[in-house]
Amino acid sequence: MKIFEFDNSTEIGILTLIGELRRDVRAVLNEALTVALESSRHVLVNLERVTSIDDACLEVFDSARERAVGLHKRIAFYGLDSGE
């Protein structure tokens, strides 16, 4: 199951997440965010193709944000539709 695509062809990496982000993909999500932060100056996380996110994955996002601060990098999340 593919939950992400990553483009680091510029200094700003774009990590596009796909589908349902549930507890069972937490490790893959964490690895994708780690690779994105390590290989790019800054990271944009595209959530346009995400259908749902559970609490476990929100914790992974928070952890990635903390790592970005520690690395003096920026990470931004965009494109999540509230469904309204």
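Let me sum up the structure you'll find in this document. Residue numbers here run from 1 along each chain, matching the order of that chain's written sequence. Per-residue local features are limited, in this predicted model, to residues with pLDDT of at least 70; the limit for side-chain atom pairs, both in listing and counting, is 80 or more; totals at the level of whole chains, interfaces and linings are taken over all residues. In computing side-chain values, all of the structure's heavy atoms are included and hydrogens and water are not.

## Remarks on the overall build of the chain
The helix and strand tally for the chain stands at two helices and four strands. Strands are runs of DSSP state E lasting at least two residues, helices are runs of H or I lasting at least four, and both sets are numbered from the N terminus onward. Starting at the N terminus and walking to the C terminus, you meet the elements of the chain as β-β-α-β-α-β. Here the globule rule reads 2.2 Å times residues to the power 0.38, and the radius of gyration is calculated from C-alpha atoms. For the chain, whose C-alpha radius of gyration is 12 Å, the value lies close to the compact-globule estimate of 12 Å for 84 residues. On the principal axes, the C-alpha backbone points of the chain span a range of 30 × 25 × 20 Å. Here the chain, with 84 residues, has 35% of them falling under the buried criterion. Of the contacts made within the chain by residues no fewer than 6 positions apart, 74% connect residues no fewer than 24 positions apart. Here the Shrake-Rupley method, with its probe set to 1.4 Å, supplies the accessible areas, and only the displayed protein chains count as covering residues. For the chain, the accessible surface area stands at approximately 5300 Å², while carbon and sulfur atoms represent 50% of it. Accessible area is worked out with a 1.4 Å probe on protein chains only. A residue is then buried under 20% of its type maximum, exposed over 50%, and partly exposed in between. Working rule for contacts: check all heavy atoms of both residues, and any pair within 4.5 Å makes them a contact.

## Looking at the pattern of salt bridges
Within this document, salt bridges are pairs made up of a side-chain nitrogen of Lys or Arg and a carboxyl oxygen of Asp or Glu, the two lying within 4 Å of each other. Per the counting criterion, the structure on display carries seven salt bridges. Note that Arg22 is salt-bridged to Glu20, the shortest N-O span being 3.0 Å. Given the relative accessible area of 30%, Arg22 is considered partly exposed. In this structure, Arg65 engages Glu66 in a salt bridge whose closest nitrogen and oxygen atoms are separated by 3.8 Å. The class of Arg65 is partly exposed, set by a relative accessible area of 39%. Connected through shared salt-bridge partners, Lys2, Glu5 and Arg49 make up one network.

## A look at helix H1 (residues 26-39)
Compared with an ideal rise of 1.5 Å per residue, which puts 14 residues at 20 Å, H1 spans 20 Å between its outermost C-alpha atoms and is within 8% of the ideal. Along H1, the positions that sit buried rather than exposed are Leu29, Ala32, Leu33, Thr34, Ala36 and Leu37. Turning to H1, the residues buried within the fold contact strand E1 (4-7), strand E2 (12-21), strand E3 (42-53), helix H2 (55-70) and strand E4 (75-78). In this analysis, the expected span of each helix is defined as 1.5 Å times one less than the number of residues it contains.

## Some words on the sheet that holds E4
The strand order across the open sheet formed by four strands is E1-E2-E3-E4, and the pairing between neighbours is mixed. Of all the strands in the sheet, just E1 and E4 have a single pairing partner and so form its edges. Each strand of the sheet is rotated relative to its neighbour by a mean of 15°, with strand direction disregarded. Two strands form a pair only when DSSP identifies at least two bridges running between them. Pairing geometry for E2 and E3, over nine bridges, is parallel. Directly across from Leu21, in E3, lies its bridge partner Ile53. Axes here refer to lines fitted to C-alpha atoms; in helices the fit is confined to the stretch in contact. Angles between the N-to-C directions go from 0 to 180 degrees.

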